[in-house]
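Notes for the structure review
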Amino acid sequence: MKITFIGSGYVGLVSGTLLSFLGADVTCCDNNEEKIQALQDGKLPIYEPGLEGYIKEAVIAGRLRFKTGMTGDADVVFIAVGTPPLELSGEADLSYVYDATLQAAQSYSPDTLIVIKSTVPPGTCLALQSMLHKNGFEHSVASNPEFLREGSAIEDFLNPDRIVIGFSNEEAANILSKVYKSLVDKGFAMLRTDPTTSELIKYASNSFLATKIGFINEMANLCEKVGADIDSLSTGMGLDSRIGSAFLKAGPGFGGSCFPKDLLALSHIARTYDQPCHILDAVIFSNQNRCAHMVSKISEAIGDLRGKTICILGITFKAETDDVRSSPAVDIVQLLLSKGAKVSVYDPEGAENGAREIPAAEFSEGAYASAESSEAIVILTEWDEFKRLDFKRMHGILAKPNIFDFRNILDRDALESLGFNYYRIGG
Ligand code: UDX
Ligand code: UDX
């Protein structure tokens with residue numbers, strides 16, 4: 001089966017590579033020439049654990065290649081370009097999806113199925129289909145949303161909770177069933193539905209997960225007031241199988257290229273249909289206030305931030321990625337800087353992207369260098385290496401022994417016995 005991906009970012013590159021691993025002949029296209037050149041030179045434009053090995057193997061086997069232009073033939077073209085939020089409304093910007101779909105129709109025969117992997121509002125596939133028909137193209141457009149978490153995208157792709165396909169004709173369903181045959185044969189569930197429902201499943205799933213996080217973060221605030229412990233609370237709730245333990249970890253707020261954007265987009269969609277979703281609006285509001293709350297926790301403990309040096313450990317929106325898009329850590333650093341603090345950041349993979357976003361912060365090569373003469377360490381990403389730091393050594397390096405563990409990854413007793421003032425989330 002011949003497959004082309006248009007858009008070779010986090011989603012397109014992982015999905016294309018793994019479909020080639022599952023046996024397809026895959027071409028990954030992107031209009032970013034630098035990205036394609038890097039991939040052709042064997043360099044990875046993103047950090048995703050394990051991906052490099054899969055790419056190398058598939059390229060050597062001749063099942064995977066990278067191109068800027070859309071050429072050749074294909075049974076399926078997946079569109080995986082970005083759908084960023086428009087500045088004012090939060091509405092998804094579909095211009096890249098429209099352009100890429102039209103270009104795909106112009107470049108491939110009418111038998112080629114066009115599949116939208118990008119996250120798009122309900123009704124988009126049907127609208128794209130009529131746009132193509134109006135322009136004289138007969139291609140079918142189907143929906144197949146992605147559910148890949150950065151950092152564990154390979155695991156998520158190869159062991160999906162479900163594969164969702166949305167289609168308007170059986171021919172499209174047959175082609176998509178062939179694409180995912182090896183996963184379905186292994187017993188992974190495939191939900192077959194119409195394109196509009198498929199599109200909404202993606203938004204509703206991400207919004208529900210974000211709601212769980214928003215909820216537990218507010219419970220963490222309450223724990224601090226009533227003298228309860230958020231981690232035990234979360235465990236206690238999660239043991240109820242109707243609730244489940246996933247996505248119940250309190251932190252500095254959810255970020256990344258999906259949750260914040262998808263919530264805004266779904267809220268906008270709901271208002272467009274005069275059916276506002278008040279829960280979504282509350283989650284958006286709650287998460288937008290989270291960073292300011294984190295900064296006030298720091299200033300309540302150490303006083304006026306002007307002139308103080310703060311060491312930030314972790315700038316990415318979660319561990320095991322180099323992605324800083326909508327990272328709460330970036331917002332927190334910006335707030336600290338606006339309050340007159342000096343900020344020194346260390347992140348194992350996110351320094352390059354982070355420095356581009358916040359040039360006023362200083363980036364260090366390691367955690368100890370970053371902590372040198374700081375008045376506090378603030379942990380914002382749950383990288384494993386932060387759990388293994390030598391805190392005795394840190395104590396000697398810091399100007400003041402303050403630790404704000406906003407991912408609750410360290411042991412309070414151990415740190416307090418070393419003489420640290422230890423602050424965490426939720427008691
Ligand atoms: C994807 C989805 O497409 C998005 O809708 C979903 O919600 C999250 O995942 P992601 O892979 O994370 O986005 O985005 P990014 O890493 O920015 O990749 C998009 C790629 O498309 C970029 O490499 C960009 O250069 C490319 N692109 C964009 C094109 O090739 N053509 C375009 O017209 C626009
Ligand atoms: C998300 C979806 O999970 C995935 O299915 C796909 O649609 C893309 O978007 P991703 O953004 O890569 O994946 O990461 P995810 O693991 O979902 O985390 C999102 C944010 O929530 C991160 O900032 C993370 O730190 C935060 N989070 C997650 C918490 O604060 N607590 C949790 O319990 C889980």
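In short, a report on the structure. (Residues numbered from 1 in each chain as written. Chains lettered and ligands numbered in written order. Predicted model: local features only at pLDDT ≥ 70, side-chain atom pairs only at ≥ 80, totals over all residues. Heavy atoms only, no water.)

1. Concerning the sheet that holds strand S11 (residues 362-363)
One open sheet accounts for six strands, arranged S11-S10-S9-S12-S13-S14; its pairing is parallel. Whereas interior strands pair on both sides, the edge strands pair on one side only; in this sheet they are S11 and strand S14 (421-424). Bridge count between strand S9 (residues 309-313) and strand S10 (residues 342-346): five bridges; the pairing is parallel. Within S10, the position partnered with Thr 309 by the bridge is Lys 342. Across the face of the sheet, helix H13 (residues 290-302) comes into contact with S9, strand S12 (376-379), strand S13 (402-405) and S14 while running at roughly 160 degrees to S13. (Pairing = 2+ DSSP bridges. Helix = DSSP H or I, 4+ residues; strand = E, 2+ residues; numbered from the N terminus. Contact = heavy atoms within 4.5 Å. Axes fitted to C-alpha atoms, helices over the stretch in contact; angles between N-to-C directions.)

2. Re helix H11 (residues 259-272)
A rise of 1.5 Å per residue sets the reference length of H11, with its 14 residues, at 20 Å; its end C-alpha atoms lie 20 Å apart and thus fit the reference within 8%. Counting buried positions over the 14 residues of H11 gives eleven, a clear majority of the element. Those residues of H11 lying buried are Phe 259, Pro 260, Lys 261, Asp 262, Leu 263, Ala 265, Leu 266, Ser 267, His 268, Ile 269 and Ala 270. Of the surrounding elements, those touching the buried residues of H11 are helix H9 (195-226) and helix H12 (278-288). (Expected span 1.5 Å × (residues − 1). Buried < 20%, exposed > 50% of the residue type's maximum accessible area, 1.4 Å probe, protein only.)

3. As for the site of ligand 2
Residues in close proximity to ligand 2 total 18 residues, the closest being Glu 150, Lys 249, Phe 317, Lys 318 and Arg 407. At 2.7 Å from an oxygen atom of ligand 2 is found a main-chain nitrogen or oxygen belonging to Glu 150. Measuring from an oxygen atom of ligand 2, one finds a backbone N or O atom of Leu 248 at 3.3 Å. (Near = heavy atom within 4 Å. Polar contact = N/O pair within 3.5 Å; in protein donor to acceptor, adjacent residues only side chain to side chain.)

4. What about the pattern of salt bridges?
Evaluation of the coordinates by the stated rule reveals 19 salt bridges. Residue Glu 170 is joined to Arg 192 by a salt bridge in which the shortest nitrogen-to-oxygen separation is 3.5 Å. Of this pair, Glu 170 sits in helix H7 (residues 170-179) while Arg 192 sits in strand S8 (residues 190-193); the two residues are 22 residues apart in sequence, bridging distant segments of the chain. Assessed through its relative accessible area of 41%, Arg 192 is described here as partly exposed. Note that Asp 185 is salt-bridged to Lys 181, the shortest N-O span being 2.6 Å. You can see Asp 185 and its partner Lys 181 sitting in helix H8 (residues 181-185), four residues apart, about one turn around the helix. A relative accessible area of 54% places Asp 185 in the exposed class. (Salt bridge = Lys/Arg side-chain N within 4 Å of Asp/Glu carboxyl O.)

5. Notes on the side chain of Ser 205
Position of Ser 205 among the secondary structure elements: in helix H9. Apart from residues lying up to four places away in sequence, Ser 205 is in contact with Phe 147 and Arg 162.

6. Quick notes on the packing of aromatic side chains
Per the stated rule, a full pass over the model turns up ten aromatic pairs. Ring centres 4.7 Å apart and planes at 10 degrees place the aromatic pair Phe 5 and Phe 78 in the stacked group. On the criterion of sequence distance, the pair formed by Phe 5 in strand S1 (residues 2-6) and Phe 78 in strand S4 (residues 76-79) is long-range, its members being 73 residues apart. Looking at Phe 78, the relative accessible area reads 0%, which means it is buried. Each ring, one from Phe 404 and one from Tyr 423, has its centre 4.6 Å from the other, and the planes form 10 degrees; the classification is stacked. Taken together, the positions of Phe 404 in strand S13 and Tyr 423 in strand S14 put the pair 19 residues apart, joining distant regions of the chain. Above the ring of Phe 147, the side-chain terminus of Arg 162 is found at 3.6 Å from the ring centroid. The side chain of Arg 393 reaches across the aromatic face of Tyr 368, ending 3.8 Å from its centre. (Phe/Tyr/Trp six-rings, centres within 6.5 Å; stacked < 30°, edge-to-face > 60°. Lys NZ or Arg CZ within 6 Å of the ring centre and 35° of its normal.)

7. A short note on the site of ligand 1
By nearness alone, 21 residues border ligand 1, and Asp 30, Lys 35, Val 81, Thr 83 and Lys 261 come closest of all. Between ligand 1 and Val 81, the relevant distance is 2.5 Å, taken from an oxygen atom to a main-chain nitrogen or oxygen of the residue. Lys 261 is positioned such that a nitrogen or oxygen atom in its side chain is 2.7 Å from an oxygen atom of ligand 1. For ligand 1, whose accessible area on its own is 690 Å², the fraction buried by protein is 87%. Broken down by class, the residue content of the shell around ligand 1 amounts to six nonpolar, ten polar and five charged. (Areas by Shrake-Rupley, 256 points an atom, 1.4 Å probe, with all protein chains shown as cover. Nonpolar A, V, L, I, M, F, W, Y, C, P; charged D, E, K, R; others polar.)

8. Quick notes on the environment of Arg 388
The residue Arg 388 is located in the loop between helix H17 (384-387) and helix H18 (391-397) in this model. Overall, the relative accessible area of 62% leaves Arg 388 in the exposed class. Separated by 22 residues in sequence, Arg 388 and Leu 410 have C-alpha atoms that sit 9.2 Å apart.

9. Points about H13
The terminal C-alpha atoms of H13 lie 19 Å apart, and with 13 residues this matches the ideal 18 Å at 1.5 Å per residue to within 8%. For H13, every residue scored as buried is listed here: Arg 290, Cys 291, Met 294, Val 295, Lys 297, Ile 298 and Ile 302. In an axial view of H13, the angular spread of the buried residues amounts to 150 degrees, which keeps them on one side of the axis. One or two residues past the end of H13 sits Gly 303, with phi positive at roughly 85 degrees. (Arc of directions from axis to C-beta.)

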